[in-house]
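Residues per chain are reported as follows:
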Amino acid sequence: AGQPYPAQVGMRRANPFGLFDMHGNVEEWCIDWHHNTYYARSPLIDPVYVDPPKDGGSGRVARGGAWNAAAWWSRSSTRAYDFPVTPNFPKGFRIICKVQSPAQ
């Protein structure tokens, strides 16, 4: 947040967990679908809702806020949604890879 466009990756300090660019650069498209009542019945650990919704008013979850969002919206607990068929500039995704820890 705080600038008129997305920032280049890795240009800001890491958070306390050593992670970069987790909040406020682009909203993260997630694998789960938004459903208004899901958290009332979801598992406590990793509550992912992967079944496509039957109603037309639900979209894919987006988290973390974006460069064009207010600072209070750019946090990990932010959970918005948008529709995959509608392009939206502040959305992005994360590329991850498994890294072997060095032998000790």
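Residues numbered from 1 in each chain as written. Predicted model: local features only at pLDDT ≥ 70, side-chain atom pairs only at ≥ 80, totals over all residues. Heavy atoms only, no water.

Draft legend 1. Main features of the environment of tyrosine 38. Tracing the chain through its elements places tyrosine 38 in the loop between β1 (27–33) and β2 (60–63). By relative accessible area, tyrosine 38 is classed as buried at 7%. Sequence separation between tyrosine 38 and tyrosine 49 is 11 residues; the distance between their C-alpha atoms is 7.4 Å. Excluding residues within four positions of it along the chain, tyrosine 38 makes contact with Pro43, Pro47, Val48 and Tyr49. (Helix = DSSP H or I, 4+ residues; strand = E, 2+ residues; numbered from the N terminus. Buried < 20%, exposed > 50% of the residue type's maximum accessible area, 1.4 Å probe, protein only. Contact = heavy atoms within 4.5 Å.)

Draft legend 2. Here's a closer look at the side chain of glutamate 27. Relative to the elements of secondary structure, glutamate 27 occurs in strand β1. Here the side chain of glutamate 27 touches tryptophan 73 through a polar contact of 3.4 Å, side chain to side chain. (Polar contact = N/O pair within 3.5 Å; in protein donor to acceptor, adjacent residues only side chain to side chain.)

Draft legend 3. Highlighting the sheet that holds strand β3 (residues 79–82). Pairing within the open sheet is mixed, and its 4 strands lie in the order β3-β2-β1-β4. Looking at the sheet topology across the chains shown, the edges are occupied by β3 and β4 (91–92). By the bridge criterion, 3 bridges tie β1 to β2 in an arrangement that is antiparallel. When the bridges of β2 are listed, tryptophan 33 appears paired with arginine 60. (Pairing = 2+ DSSP bridges.)

Draft legend 4. Main features of the pattern of salt bridges. Evaluated as defined, the whole model comprises 2 salt bridges. One salt bridge in this structure joins lysine 91 and aspartate 82, with 3.3 Å as the shortest N-O distance. Several salt bridges converge on common partners, so that one network encompasses Glu27, Asp82 and Lys91. (Salt bridge = Lys/Arg side-chain N within 4 Å of Asp/Glu carboxyl O.)

Draft legend 5. Layout of a nonpolar patch on the surface. Nonpolar side chains collect at one region of the surface, where Tyr81, Phe83 and Val85 lie side by side and expose about 300 Å² of accessible area between them. The residue phenylalanine 83 is located in the loop between β3 and β4 in this model. (Patch = residues over 30% accessible without salt bridge, like charges linked within 9 Å, V, L, I, M, F, W, Y side chains within 5 Å. Areas by Shrake-Rupley, 256 points an atom, 1.4 Å probe, with all protein chains shown as cover.)

Draft legend 6. How the structure looks around the confidence of the model for the protein chain. Taken residue by residue, the protein chain gives an average pLDDT of 78. The fraction at 70 or more is 89%. Looking at the elements of the protein chain, mean pLDDT is at its lowest for β4, recorded as 79, and at its highest for β2, recorded as 85. (pLDDT = per-residue confidence, 0-100.)

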